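Summary of the model geometry
Residue strings, one per chain:
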Protein chains: 8
Amino acid sequence: MDKYIDLGFAKLDTERIKRRGYSEAVFCECKTEEQLVKIFQAFKDAGSNILGTRCSKEQAEALKKQFNADYYETARIVTLIQNPVQKTGEVAICTGGSGDIPVAEEAAITAEFYGSNVKRYYDIGIAGIHRLFDKIDEIKKANVIIAAAGMEGALGGVLAGMVDVPVIALPTSVGYGTSLKGLSALLTMLNSCAEGMTVVNIDNGYNAGYSANQINRLIAKREAE
Amino acid sequence: MDKYIDLGFAKLDTERIKRRGYSEAVFCECKTEEQLVKIFQAFKDAGSNILGTRCSKEQAEALKKQFNADYYETARIVTLIQNPVQKTGEVAICTGGSGDIPVAEEAAITAEFYGSNVKRYYDIGIAGIHRLFDKIDEIKKANVIIAAAGMEGALGGVLAGMVDVPVIALPTSVGYGTSLKGLSALLTMLNSCAEGMTVVNIDNGYNAGYSANQINRLIAKREAE
Amino acid sequence: MDKYIDLGFAKLDTERIKRRGYSEAVFCECKTEEQLVKIFQAFKDAGSNILGTRCSKEQAEALKKQFNADYYETARIVTLIQNPVQKTGEVAICTGGSGDIPVAEEAAITAEFYGSNVKRYYDIGIAGIHRLFDKIDEIKKANVIIAAAGMEGALGGVLAGMVDVPVIALPTSVGYGTSLKGLSALLTMLNSCAEGMTVVNIDNGYNAGYSANQINRLIAKREAE
Amino acid sequence: MDKYIDLGFAKLDTERIKRRGYSEAVFCECKTEEQLVKIFQAFKDAGSNILGTRCSKEQAEALKKQFNADYYETARIVTLIQNPVQKTGEVAICTGGSGDIPVAEEAAITAEFYGSNVKRYYDIGIAGIHRLFDKIDEIKKANVIIAAAGMEGALGGVLAGMVDVPVIALPTSVGYGTSLKGLSALLTMLNSCAEGMTVVNIDNGYNAGYSANQINRLIAKREAE
Amino acid sequence: MDKYIDLGFAKLDTERIKRRGYSEAVFCECKTEEQLVKIFQAFKDAGSNILGTRCSKEQAEALKKQFNADYYETARIVTLIQNPVQKTGEVAICTGGSGDIPVAEEAAITAEFYGSNVKRYYDIGIAGIHRLFDKIDEIKKANVIIAAAGMEGALGGVLAGMVDVPVIALPTSVGYGTSLKGLSALLTMLNSCAEGMTVVNIDNGYNAGYSANQINRLIAKREAE
Amino acid sequence: MDKYIDLGFAKLDTERIKRRGYSEAVFCECKTEEQLVKIFQAFKDAGSNILGTRCSKEQAEALKKQFNADYYETARIVTLIQNPVQKTGEVAICTGGSGDIPVAEEAAITAEFYGSNVKRYYDIGIAGIHRLFDKIDEIKKANVIIAAAGMEGALGGVLAGMVDVPVIALPTSVGYGTSLKGLSALLTMLNSCAEGMTVVNIDNGYNAGYSANQINRLIAKREAE
Amino acid sequence: MDKYIDLGFAKLDTERIKRRGYSEAVFCECKTEEQLVKIFQAFKDAGSNILGTRCSKEQAEALKKQFNADYYETARIVTLIQNPVQKTGEVAICTGGSGDIPVAEEAAITAEFYGSNVKRYYDIGIAGIHRLFDKIDEIKKANVIIAAAGMEGALGGVLAGMVDVPVIALPTSVGYGTSLKGLSALLTMLNSCAEGMTVVNIDNGYNAGYSANQINRLIAKREAE
Amino acid sequence: MDKYIDLGFAKLDTERIKRRGYSEAVFCECKTEEQLVKIFQAFKDAGSNILGTRCSKEQAEALKKQFNADYYETARIVTLIQNPVQKTGEVAICTGGSGDIPVAEEAAITAEFYGSNVKRYYDIGIAGIHRLFDKIDEIKKANVIIAAAGMEGALGGVLAGMVDVPVIALPTSVGYGTSLKGLSALLTMLNSCAEGMTVVNIDNGYNAGYSANQINRLIAKREAE
């Protein structure tokens, strides 16, 4: 098999699963429906599972007409599964508020797609911190925790200060005024005094889910051996 | 008495105590020692108490040579008391870390100067949140709380979510990299989901202390009546 | 009664009224009509008064179909009153221009909802400062003043320099070019030389109203005792 | 005479007085003492008056050794007068605080050098606005007003709202935290609702003085005719 | 006559013409058609000329139904003239490109409304600098020059370096990418080495026109005496 | 022939081909269809080839009705060729992803219009760097390379480190969150350690194509001699 | 044992090792030598290992006088080991250039202190990418990779695209001009298309080392079982 | 010969001359004198010419003790020539003011080191644009032009509009206030309407000189064939 499939407008990285352990994902946002169909067809022919992110409802419709694909509307993710993946370990995904759920779901579906069990803890932000404390013993059992939050973005630091596993902070663009479309939450997370937390791009649920899954499986795999 | 004293380089607002309830403070940073001595002399002659902020050690020495002034080195405040003020009520001043203490002390000395009892709770940030919980019942007894924090600046929001009195958030320039000299902490505080918290300029312990004292005394005064 | 109601997508903080003195408000912006109805129903069942902010006309329609709710269109607030609150004290709400009125109304309705008498002074900005001076004696009688302004945002500092009560500065996103969607007004307010003024997030009428009410009631309550 | 004198490291614009009405000024900051002496000598030989801005004490010493120059330390300006200029009209220069005086003096000395009568009104900022009102009738008599202010920078807008002559707003870098080295004052001034005010670069007393003088003389000249 | 007319949502500054020499303008952008009609009616009843800026086509239609108003679509200005103003002097308005014309027209109509003769020099930016040189002798005859430019914004500095009258730099939001909606042009103008130029807010044709007219008339008036 | 054609709203630089070697391009974005038709007619009458950038589909339709013009939809470019240009040399245009293709095509069509042979290498970004290595020997044969990339924007630096010809980095606004509409990619490119790379404005495919063509032709011309 | 030791200016989190698995580190930068001695004594008495970051040479001298401490000058870290930790697994630490070494060493010493084997790969940035390829097979054997880079910061993304283990991107403040003290490198890293990479604060070698160690040990621990 | 020399703290890219046509330069700023001596020795042993940038006087002294090196103080460059390079073609280097000379000299020495003839045109900025016009015919004869400017940074765009060769814009950090340490000049250059100009990092004279030389030699080489 060639190392990539050249479609002219795109060069599909078919070698990635061998090199990196997971297949390439498709960023749907800047692509036409026609391009997406071509990409999905090529990956399908190559026998890959396919994950498409930032997929609009219209794009999903077009893909579902041609393929046996699943669409997760809140997460804006479309998937095509040809080789079922066994889920292992556990990733906990927490949000500060309800508004952070779409980004958290992108992380959740991604982590599940690549092989992690996921538990969701939504709307447990610091304005009512007893909700977080009520769940903390359960959250701590995960191998990795994702903390999604917009506005002040303090959830991640509070969580990281109470657990002994890695926390991936996921800033969201929820908020207004000085939230600066997620920059404020991002800065909060980068400046946290609570070590053991690392950060991804604003609204990048995909990378948060991918990274959490990668760490979770490395821990769980060895665990299982 | 005139409404202000004109020194040419400065016009001292002697009417302020009548108009606003408290005497004018002196911002020492851009002034020469000679100018400071003139200003202190004029206010002294007018019978006022005097508070000088951002006062260097050298400036303080120069003033102490001429006046019976007190210098608070950590807070960088110099005071001259001619009419002792009765302290009432209570202001709680909390910091996230040890590095925030100089700014917190500026707030504390200011609030005491203008007539508030002050209690200090230093280094109780969210990286070890049990330290905050250990003190919360005591903190809640104050009429107003000041939350000074740099870096991620999450202390204020966590505090505000647990109390029923006003919280004044005081961002400090402690940190490095993306702390952006206090801008990150400021943004965190402005974006807090915990209502009942308002914010002052980075490192502006003076205004935090002034505002806390003003609110505390308004509550306490009525209380005392 | 449990400390919170778990709706999955939201965890309602029913303990808040006991802990903080006031019930939780609902941020409508990121929620579906269906979610809002569920949240209102749950709070209604819990016997709470409910305040919904940033509520669109469509969301309000949906809620009014199910509940005996009131909608304040300019303020974009929806309320459901089950336990009438006695209004006490006085909050003065001022704006620099007409464009600031929607944000000021969010503050006003919030302060009234939580129990404050409110007086409105709109369009008294510094371009025609005699309008402000004409009203200043009346404004000074309030326990707390809110100063809402966009563009240069100078109203708060001018006001704070003339009164002996706390001023809450409320920057609005009114303006264009270098107003930077309210950042310019925010910076003006944070840098004010007039002490006794604190600041909230751009367009956050809700927090301005909540904070003003909280301070007003603490002063008025003691006053009444 | 040639249109410029070529010193290699500098090309002196000797044609400027004919083209623009005023001789070229020398920006001393990035120049060695040796270069400054060469430039002053060349302009002296050309029979020009010379104004050097941002001139350090050391640079001034070096120039005074060679030339019959005057140094204004607060303004950091050095001048060499070969053709006395008759002063006409009037420019009013106001500052918000004492810290703004050095920048205001740069404007004042520049305006005087180029031929304006200057009146100074220092420390009349809005924190004690009665000081400004006390002087307003006198200030209004000028042909042009310069308003120098740092921190919140509101002085210019308040002034412009009360007069019928042009106001040049001169932001200074006085302040800390969110003053952002003068950016906050600059934004305030650019966003002012009070029309008839224009703005120059932060700490650019030279351009404020030059522009004020230019307008003042155009008005006064015609006046005199 | 009272010093202002109180419409509740607006307080019209009827004293302005006496205090500042020109009547108040109406910023239409945030106002409803109903509010605009009320404001125009009140000013009309007071016998004023009226200038409305940032007026949409729809708003203009509504006003023209009720009043004998004129609408300048490119400038987005609506006017109602009750007392014709005699035009005097001359203001030159230049633009770098065609895209800057709407903002330049706002300045032009404003200057004409308040009493200046205006000459327009459009699309003479530095990419083809011979177009500017071709017109410079004519431009120099004006009492004041407005230089409107977006993108790099260099027109103002080049102009100011060649003339002996005041230049008002008017940055526009024309451009993309790093033009940052006019911030780049604004910064260019503020940093110009060419003294005698002052700057207004991005896209603020109104203030540029007002300020230019004010200076022009002060020069011309004395000229005429 | 005159040095420019004056259409009032535009002054067409007909001298440019003589002065700069290439005819003026038309920036369509801020122009009405009527204005575009006038401009095309004038240039056509002057016998020029015409290139219009940022041309919408609607504008293109209007021009094609009147002229024998070609429209490149992806590139948003319209052209009218009256004097066919001989293509020489070679420019390589690379993109990091598929989303960068529209900007890359603007560069490609521009370079071809002005006389360069162009080879396209799309979607060869660093996430699958073997795709780049697979093509590098071919890419290196060009006289100039354009590297278009959004998001992290690392493609240019990696390319520049492997070749001995000039690289023009072309940041695109593709991305979200901290991509800041292309600013992140721009900064990456400006900070590259790989010397021999220069940068153009975000999404400015036109200037990248123009500059690449200019360098390519200077090399090729001499080559051909 | 109490949950924390209260020194007044600091509250030492002695419970942390139990709660989080690792002892609290000391941020030396804002502390006096006297405070540091007190903190080290208290932790020593509590039987902890101690890690002090951002420790100046002078501070280290003061601590070494009292304790059997080790100082790593390049890393600016001081340690006091009372309970030797067994090193397991492997962390690879890479830098783009030589200037990034101090920050990388902070990460390296931290990871070693907490129990990881560390391999260093310095100066393998993309300007000479063959240096990276020469080492990649060795680097890939680690459980976690840290990529430290300033300026354009592209190293992390290139690395992440070639490996199947987590990459922690560590931006450094090395550079000038548009490097904006590390912000440019940070943005590059956050925007990387290469998933599986997460980011820490600029120059925060400590958190990079802590997080890498935490993940490495979780993988290695299970591995060892 | 190996592809690089591994000194541990640095990996010297000895293959670069073959791959890229020119030897690697040494960025001296973050290196100790000891490290610099080791690097120079290694390159010397490899028979390379060596260029060190941002070299302090002290570093240069240390190198001159060991090697027959030349130091250019204004440019802060140190060189060691083992294989004299024949200079060809011509690069013109222009500056707006005298303050830009150090950065321009860095570009000039670099271009000369790598084999270009360089002509310098200093202090020809737009405030006295006749100085530029006086030289333009001479400047146009170069194969490439470098335009170094700080503050408003308009020189590059004016130049590019008048010539038919590539212009490399080199922003410098000269200025104050809103010059933002060169960001304003950078933005001006990126937004220029004058096509054919590309930009390098602020104060990066090295890359400007390298890129200009690279283009110049490609043109001249073919020319010579």
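Residues numbered from 1 in each chain as written. Chains lettered and ligands numbered in written order. Predicted model: local features only at pLDDT ≥ 70, side-chain atom pairs only at ≥ 80, totals over all residues. Heavy atoms only, no water.

Right, let's talk about the interface of chain B and chain C for a bit. Listed as interface residues are 34 residues of chain B and, on the opposing side, 34 residues of chain C. Inspection of the chain B/chain C interface yields 4 salt bridges. Measuring nitrogen to oxygen at the nearest pair gives 3.5 Å for the salt bridge that ties B:Glu195 to C:Arg16. Linking chain B with chain C are 18 residue pairs in polar contact (both at pLDDT 80 or more), by the criterion used here. For the side of chain B that touches chain C, the elements supplying multiple residues, two or more each, are helix H1 (16-20), helix H7 (183-190), strand E11 (197-199) and helix H8 (205-224) of chain B. (Contact = heavy atoms within 4.5 Å. Salt bridge = Lys/Arg side-chain N within 4 Å of Asp/Glu carboxyl O. Polar contact = N/O pair within 3.5 Å; in protein donor to acceptor, adjacent residues only side chain to side chain. Helix = DSSP H or I, 4+ residues; strand = E, 2+ residues; numbered from the N terminus.)

Let's shift gears to helix H4 (residues 101-114) of chain F. Residue and element names in this part refer to chain F. Its 14 residues give H4 an end-to-end C-alpha distance of 20 Å, which sits within 8% of 20 Å, the value for a rise of 1.5 Å per residue. Where H4 is concerned, the buried positions are Ile101, Val103, Ala104, Glu105, Glu106, Ala107, Ala108, Ile109, Thr110, Ala111, Phe113 and Tyr114. A positive backbone phi angle near 120° is found at glycine 115, which sits one or two residues after H4. (Expected span 1.5 Å × (residues − 1). Buried < 20%, exposed > 50% of the residue type's maximum accessible area, 1.4 Å probe, protein only.)

Enumeration according to the criterion identifies 105 salt bridges over all chains in this entry. One salt bridge connects C:Arg120 with C:Glu105, and the closest N-O pair in it is separated by 2.6 Å. Here C:Glu105 lies in helix H4 (residues 101-113) and C:Arg120 lies in strand E8 (residues 116-121), a separation of 15 residues in the sequence. Classification of C:Arg120 as partly exposed rests on a relative accessible area of 32%. A relative accessible area of 13% places C:Glu105 in the buried class. Note that G:Glu73 is salt-bridged to G:Lys57, the shortest N-O span being 3.4 Å. With G:Glu73 in the loop between strand E5 (70-72) and strand E6 (77-80) and G:Lys57 in helix H3 (residues 57-66), the pair connects residues that are 16 residues apart, well separated along the chain. The structure contains a network of salt bridges with shared partners spanning D:Lys3, D:Asp13, D:Glu15, D:Arg16, D:Arg19, D:Arg20, D:Glu24 and E:Glu195.

Two elements in contact, helix H7 (residues 183-190) of chain E and helix H7 (residues 183-190) of chain H, have axes whose closest approach is 9 Å; the angle formed by their N-to-C orientations is 120°. With respect to each other, H7(E) and H7(H) are oriented oblique. Here H7(E) runs over H7(H); the crossing is left-handed. Each of E:Ser184, E:Leu187 and E:Thr188 in H7(E) lies in contact with H7(H), whose residues at this interface are H:Ser184, H:Leu187 and H:Thr188. Looking at the contact of H7(E) with H7(H) residue by residue, the class counts come to 2 nonpolar, 4 polar and no charged. (Axes fitted to C-alpha atoms, helices over the stretch in contact; angles between N-to-C directions. Parallel < 35°, antiparallel > 145°, perpendicular 65-115°, else oblique. Left-handed = near helix turned anticlockwise from the far one by under 90°. Nonpolar A, V, L, I, M, F, W, Y, C, P; charged D, E, K, R; others polar.)

A few words now on the domain arrangement of chain A. All names here are of chain A. On domain assignment, one finds that chain A holds domain 1 (5-80) and domain 2 (88-224). Relative to domain 2, the C-alpha centre of domain 1 lies at a distance of 25 Å. Counting residues at the interface gives 14 residues for domain 1, matched by 14 residues for domain 2. Together, the buried faces of domain 1 and domain 2 total about 1,200 Å²; carbon and sulfur atoms form 66% of this surface. For domain 1, the biggest contributors to the area lost against domain 2 are Tyr22, Leu51 and Thr74; these three give 43% of the whole. Inspection of the domain 1/domain 2 interface yields 0 salt bridges. Taken together, the links from domain 1 to domain 2 amount to 3 residue pairs in polar contact (both at pLDDT 80 or more). Of all the secondary-structure elements, those providing two or more residues to the side of domain 1 that touches domain 2 are strand E4 (50-53) and strand E6 (77-80). The element that contributes the greatest number of residues to the side of domain 1 that touches domain 2 is E4, accounting for 3 residues. Looking at the side of domain 1 that touches domain 2, its residues break down into 7 nonpolar, 5 polar and 2 charged. (Domains from an automatic or database assignment. Buried area = accessible area lost by both parts, 1.4 Å probe.)

Moving on to the pairing of strand E4 (residues 50-53) of chain H. Residue and element names in this part refer to chain H. Covered by surrounding structure in E4 are Ile50 and Gly52 together with Leu51 and Thr53, the residues of both alternating faces. Two elements, strand E3 (residues 26-27) and E4, share 2 bridges in a ladder whose sense is parallel. From the neighbouring strand, phenylalanine 27 faces E4, where its bridge partner is threonine 53. Taken together, E3, helix H2 (residues 33-45) and E4 form a β-α-β motif whose crossover is right-handed. Note that E4 and strand E6 (residues 77-80) share 3 bridges and pair antiparallel. Bridging from a neighbouring strand, leucine 51 pairs with threonine 79 of E6. (Pairing = 2+ DSSP bridges. Right-handed = clockwise from strand over helix to strand, strands pointing away.)

Take the sheet that holds E6(A) next. Strand order in the open sheet formed by 4 strands is E3-E4-E6-E5 (chain A), and the pairing between neighbours is mixed. Each end of this open sheet is capped by a strand with a single partner; those strands are strand E3 (26-27) and strand E5 (70-72) of chain A.

Along the chain, E:Asn204 falls in the loop between strand E11 (197-199) and helix H8 (205-224). Using a relative accessible area of 7% as the deciding quantity, one classes E:Asn204 as buried. At 2.9 Å, the side chain of E:Asn204 and the backbone nitrogen of E:Asn207 are in polar contact. Not counting residues within four places of it along the chain, the set of residues in contact with E:Asn204 comprises C:Tyr176, E:Glu106 and E:Leu170.

Attention shifts here to a positive patch on the surface. A cluster of like positive charges, contributed by A:Lys181, C:Lys181, E:Lys181 and F:Lys181, occupies part of the molecular surface. Note that A:Lys181 resides in the loop between strand E10 (167-171) and helix H7 (183-190). (Patch = residues over 30% accessible without salt bridge, like charges linked within 9 Å, V, L, I, M, F, W, Y side chains within 5 Å. Areas by Shrake-Rupley, 256 points an atom, 1.4 Å probe, with all protein chains shown as cover. Lys, Arg positive; Asp, Glu negative; His and termini not counted. Charge placed at Lys NZ, Arg CZ, Asp CG, Glu CD.)

Glancing now at the relation of the copies chain E and chain D. Both copies of the chain are related through a single rotation about an axis accompanied by a shift along the same axis. Expressed as a screw operation, the relation of chain E to chain D combines 0.0 Å of axial shift with a rotation of 180°, fitting to an RMSD of 0.0 Å. Accordingly, the operation relating the two chain copies is best matched by a two-fold axis. The residues that chain E uses at the interface reappear at the interface of chain D in 100% of cases, marking a shared surface. (Least-squares fit on C-alpha atoms with pLDDT ≥ 70 in both.)

All names here are of chain C. Even without being glycine, arginine 54 reaches a positive phi, approximately 50°. Summarising the element assignment, arginine 54 is placed in the loop between strand E4 (50-53) and helix H3 (57-66). Taking relative accessible area as the criterion, arginine 54 reaches 11% and is therefore assigned buried. In this structure, lysine 181 is a non-glycine residue whose phi angle is positive, near 55°.

In this assembly chain A lies apart from chain E, the nearest approach of their C-alpha atoms being 15 Å. Chain D makes no contact with chain F; the smallest distance between any of their C-alpha atoms is 21 Å.

So, on to the pairing of E6(H). Note on strand geometry: in a regular strand, side chains alternate between the two faces of the sheet. Residues and elements named next belong to chain H. The alternating pattern of E6 places Ile77 and Thr79 on one face and Val78 and Leu80 on the opposite face, and all of these are buried. Here 3 bridges tie strand E5 (residues 70-72) to E6, and the two strands are oriented antiparallel to one another. Note on E6: the bridge partner recorded for tyrosine 72 is isoleucine 77. Linkage of E5 to E6, two consecutive antiparallel strands, is achieved through a turn of 4 residues, within which arginine 76 is found at a positive phi near 55°.

Listed per partner, the contact involves 34 residues of chain E and 34 residues of chain D. Taking both partners together, chain E and chain D bury about 3,100 Å²; carbon and sulfur atoms supply 49% of that area. At the boundary of chain E with chain D, the tally comes to 4 salt bridges. Secondary structure elements with two or more residues in the side of chain E that touches chain D: helix H1 (16-20), H7, E11 and H8 of chain E.

Here the focus is the sheet that holds strand E4 (residues 50-53) of chain G. Sheet architecture is open: 4 strands sit in the order E3-E4-E6-E5 (chain G), paired in mixed fashion. Here the strands that pair on one side only, and so sit at the sheet edges, are strand E3 (26-27) and E5 of chain G.

A word on the packing of aromatic side chains. Tallied over the full model, the rule gives 60 aromatic pairs over all chains. A centroid spacing of 6.1 Å and a plane angle of 20° characterise the contact between A:Tyr176 and C:Phe27, whose relative ring orientation is stacked. On the criterion of chain membership, the pair formed by A:Tyr176 in the loop between E10 and H7 and C:Phe27 in strand E3 (residues 26-27) is interchain, its members lying in two chains. Overall, the relative accessible area of 14% leaves A:Tyr176 in the buried class. Three or more aromatic residues joined by ring pairs form one cluster here, namely A:Tyr22, A:Phe113, A:Tyr114, A:Tyr206 and A:Tyr210. The cationic tip of G:Arg54 hangs over the ring face of B:Tyr176; the distance from NZ or CZ to the ring centre is 3.6 Å. (Phe/Tyr/Trp six-rings, centres within 6.5 Å; stacked < 30°, edge-to-face > 60°. Lys NZ or Arg CZ within 6 Å of the ring centre and 35° of its normal.)

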